[in-house]
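Each chain, written out:
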Amino acid sequence: MGRTLPITERTWKKLTDCNRFSVDAGWASSGVFAPGIGPEYDPDGRSALLYVGKSAGPLGSLVGSNHDQASSILASTKWMVERTNKSAFWQMLELIDPTRRKIAWTNICKMDEIGGSRPPSKQRWAGISSPHMMALQEEFEFLAPRVILFATSRYCEDDTGTLLAGLGYEYRALDFDDGLTRFLAGPQGKFAIETRHPQGWATSERSRVFGLVKRLLG
């Protein structure tokens, strides 16, 4: 694709400009999140999984949210692979890859509210969504995952749904219904799953979703 970073320079500048504007408006933390990419992640490989969250939250500074994309990727990757705390978000992923070396990880929103207790509200998201969705699309295209897993409880679902549809993904029926999980089939044998954030989710429910993920990666 002629570039070495997931997000193009033009889009990254739009993200950093958006972040600076939001910081000046008094509600955002300084810094932009870039994806973590495991050292054994294989773009286009059958096991390529991109794990998608809402935003970096209170860990924004730890995972490398800043204004240089390459530095942010290095920090996000290091934190993803070396982390030791057992949050529900990562316990869910570890059913697939306990080492976290073969997966990639990103967030829908590339910046956070001050304090990081929650991702930007729907009202704030409406004013900043464009560069974030551009970045997400570029990450999808660059990382070329076989499976995209949104553990986001449908955060920004209108925007992500439009993005996936534009990339050729279509909703398909599931063999179970938990009220939140949705399955999409894309071009060239690729798939996407939308499901709830793992916090407070019973292990049995989590395992059912990952049974689906394993079948798709198998």
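To keep things clear, this report deals only with the structure shown in the data block. The numbering scheme is per chain: residues are counted from 1 as the chain's sequence reads. pLDDT decides what is reported in this predicted model: residues at 70 or higher carry local features, side-chain atom pairs at 80 or more are listed and counted, and totals for whole chains, interfaces and linings draw on all residues regardless. Only hydrogens and water are set aside; all other atoms, that is, all heavy atoms of the structure, feed into the side-chain values.

### Side note on helix α4 (residues 122-143)
Operational definition: Secondary structure elements follow DSSP: runs of H or I of four or more residues count as helices, runs of E of two or more count as strands, with numbering from the N terminus. To estimate how far a helix should reach, multiply one less than its number of residues by 1.5 Å. Each residue is assigned to one of three classes by its accessible area relative to the maximum for its type, calculated with a 1.4 Å probe on protein chains only: buried under 20%, partly exposed between the two thresholds, exposed over 50%. It only takes one pair of heavy atoms within 4.5 Å for two residues to be counted as in contact.
Taking 1.5 Å of rise per residue, the 22 residues of α4 would be expected to cover 32 Å, yet its terminal C-alpha atoms sit only 27 Å apart, more than 12% below that figure. For α4, the full list of buried residues reads W125, I128, S129, P131, H132, M133, A135, L136, E138, E139, F140 and L143. Those residues of α4 that are buried are in contact with α1 (9-24), β1 (36-37), β2 (49-53), β3 (103-107), β4 (147-151) and α5 (157-166). Remark: A144 follows α4 within two positions and exhibits a positive phi of approximately 45°.

### Thoughts on empty space enclosed by the protein
Cut-off, in case you're wondering: For cavity detection a 1 Å grid was placed over the protein atoms alone, and a set of points counts as a cavity when a 1.4 Å probe fits there but cannot get out; an open set counts as a pocket when protein lies on both sides within 12 Å along at least five of seven lines, with lining residues being those that have an atom within 4 Å of a point. Grid points are joined across faces, edges and corners, and a volume is the space filled by probe spheres set on the points. Under this grouping Gly is polar, as are all residues other than the nonpolar Ala, Val, Leu, Ile, Met, Phe, Trp, Tyr, Cys and Pro and the charged Asp, Glu, Lys and Arg.
Inspection of every chain in the model, using the stated rule, returns 1 cavity of 30 Å³ or more. Volume-wise, the largest cavity comes out at about 40 Å³. Along the walls of the largest cavity sit I108, F150, T152, R154, Y155, E157, T160, R182 and E194, which together make up its complete lining. Of the residues contributing to the lining of the largest cavity, the split by class is 3 nonpolar, 2 polar and 4 charged.

### Looking at the pairing of β3
Note the cut-off: When DSSP locates at least two bridges between a pair of strands, those strands are taken to pair.
Of all 5 residues that make up β3, 5 are buried, and the element is covered over most of its length. Of the two faces of β3, both are covered, the one formed by I103, W105 and N107 as well as the one formed by A104 and T106. With 2 bridges joining them, β1 and β3 adopt antiparallel strand pairing. If you follow G36 over to β3, its bridge partner there is W105.

### Things to note about α5
Just so we agree on the cut-off: In this context, the arc is that of the directions from the helix axis out to the C-beta atoms.
All of the buried residues along α5 are T160, G161, L163 and L164. Summarising the axial view, the buried residues of α5 lie within an arc of 160°, below the 170-degree limit, and thus occupy one face. Residues of α5 that are exposed and point more than 90 degrees away from the buried face comprise D158, T162 and G166. The first or second residue beyond α5 is G168, which carries a positive phi of 95°.

### A short note on the packing of aromatic side chains
Definition in use: Between 30 and 60 degrees the pair is tilted, below 30 it is stacked and above 60 it is edge-to-face, where a pair is any two Phe, Tyr or Trp rings, Trp via its six-membered ring, whose centres lie within 6.5 Å.
With the rule as written, the count across this model stands at 10 aromatic pairs. Centre to centre, the rings of W125 and Y155 are 6.2 Å apart; their planes meet at 50°, and the pair counts as tilted. Of this pair, W125 sits in helix α4 while Y155 sits in the loop between β4 and α5, placing them 30 residues apart in sequence. In terms of burial, W125 and Y155 fall into one category: buried. One aromatic cluster is present, built from ring pairs that chain together F33, Y51, W79, F89, W90 and W105.

### Things to note about the sheet that holds β4
Test applied: Only the stretch in contact is used when a helix axis is fitted, and all axes are lines through C-alpha atoms; the angle between N-to-C directions ranges over 0 to 180 degrees.
The 7 strands are arranged β1-β3-β2-β4-β7-β6-β5 in an open sheet whose pairing can be described as mixed. The open sheet has two free edges, formed respectively by β1 and β5 (170-172), since each of these has just one partner strand. Across 5 bridges, the pairing between β4 and strand β7 (residues 191-195) is parallel. In the strand pairing of β7, F150 is matched with E194. Against the sheet, helix α6 (residues 203-217) engages β2, β4, β6 (182-185) and β7, with an angle of about 170° to β7.

### Regarding the nonpolar core
This is how it is decided: We define the nonpolar core as a collection of buried residues of types Ala, Val, Leu, Ile, Met, Phe, Trp, Tyr and Cys that are connected through side-chain atoms lying within 4.5 Å of one another.
Ranked by size, the top nonpolar core spans 29 residues in total, and within it L49, Y51, W90, W105, L149 and I193 carry the most contacts. Ranked by residues supplied to this core, first place goes to α6 with 6 residues. Discounting chain neighbours no more than four positions away, the residues touching L149 are L49, L50, Y51, V52, I193, T195, V209, F210 and V213. Formed by 26 residues, the second largest nonpolar core is a distinct cluster that contains A28, F140, L143 and A192.

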